[in-house]
Amino acid sequence: MSTATKPRHIGRNISRIRELRGMKQEALAQAIGTSQQAISGIEGSEKIDMEKLSEVAKALGVTVEAIENFSEESVLNFFNNFYDNSSSQGNSFNQGMFATFNPLDKVVELYERLVQAEKEKVEYLEKLLKGK
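If you're wondering where the values come from, they're calculated on a predicted model, not measured in any experiment. (Residues numbered from 1 in each chain as written. Predicted model: local features only at pLDDT ≥ 70, side-chain atom pairs only at ≥ 80, totals over all residues. Heavy atoms only, no water.)

Draft legend 1. Fine view of helix 4 (residues 50–60). Every buried residue of helix 4 is accounted for by Leu-53, Val-56, Ala-57 and Leu-60. Looking down the long axis of helix 4, one finds its buried residues gathered within 100 degrees of arc, a one-sided arrangement. Away from its buried face, by an angle of more than 90 degrees, helix 4 presents the exposed residues Glu-51 and Lys-58. For helix 4, the elements touching its buried residues are helix 1 (10–20), helix 2 (25–32) and helix 5 (64–68). Count one or two residues on from helix 4 and you reach Gly-61, which has phi positive near 75 degrees. (Buried < 20%, exposed > 50% of the residue type's maximum accessible area, 1.4 Å probe, protein only. Helix = DSSP H or I, 4+ residues; strand = E, 2+ residues; numbered from the N terminus. Arc of directions from axis to C-beta. Contact = heavy atoms within 4.5 Å.)

Structure, rendered in structure tokens:
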């Protein structure tokens, strides 16, 4: 039984990250100034030169390390943890995010200010008409 890990397929990682970001090959190609066919070639390559990898990482909004170390399992773990923690109170995502006011009160306040502004406009226009 061998414990050697199989090398990462960088092109496949780029493809999966691009797909997860909802980006088409054409959009990635345009972002780095190349053709869709070149992106297809990159995604089929097991290894990519560092300069091109850096350009792709920047266009995808991730680090080079994120592309090199990407795995489906880590993505699933991230989203599962995010989902599990998103509903619990006091976590770093929603801590201090509770409203301290009633949104309906704010709507009523805004409406009252708009009505008052309209009344002031009417008064001003009536004053202008009386002056003529």
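After that view, the rundown keeps rolling.
Draft legend 2. Region of the structure containing a nonpolar patch on the surface. Residues Tyr-124, Leu-125 and Leu-128 make up a contiguous nonpolar surface patch of roughly 320 Å² in combined accessible area. In this structure, Tyr-124 sits in helix 7 (residues 103–130). (Patch = residues over 30% accessible without salt bridge, like charges linked within 9 Å, V, L, I, M, F, W, Y side chains within 5 Å. Areas by Shrake-Rupley, 256 points an atom, 1.4 Å probe, with all protein chains shown as cover. Salt bridge = Lys/Arg side-chain N within 4 Å of Asp/Glu carboxyl O.)

Draft legend 3. Just the side chain of His-9, in detail. Within the secondary structure, His-9 sits in the segment before helix 1. Judged by relative accessible area, which is 15%, His-9 ranks as buried. A polar contact of 2.9 Å, which involves the side chain of His-9, links it to the backbone nitrogen of Arg-12. Residue contacts for His-9: discarding those within four places in its chain leaves Glu-43, Gly-44, Ser-45 and Glu-46. (Polar contact = N/O pair within 3.5 Å; in protein donor to acceptor, adjacent residues only side chain to side chain.)

Draft legend 4. Representation of the pattern of salt bridges. A full pass over the atoms with the stated rule returns five salt bridges. Residues Arg-113 and Glu-109 are paired through a salt bridge, measuring 3.5 Å at the closest nitrogen-oxygen approach. Here Glu-109 and Arg-113 lie together in helix 7, a separation of four residues that amounts to about one turn. Accessibility expressed as a relative area gives 52% for Arg-113, which makes it exposed. For Glu-109, a relative accessible area of 36% translates into the label partly exposed.

These figures capture arrangement, not role.
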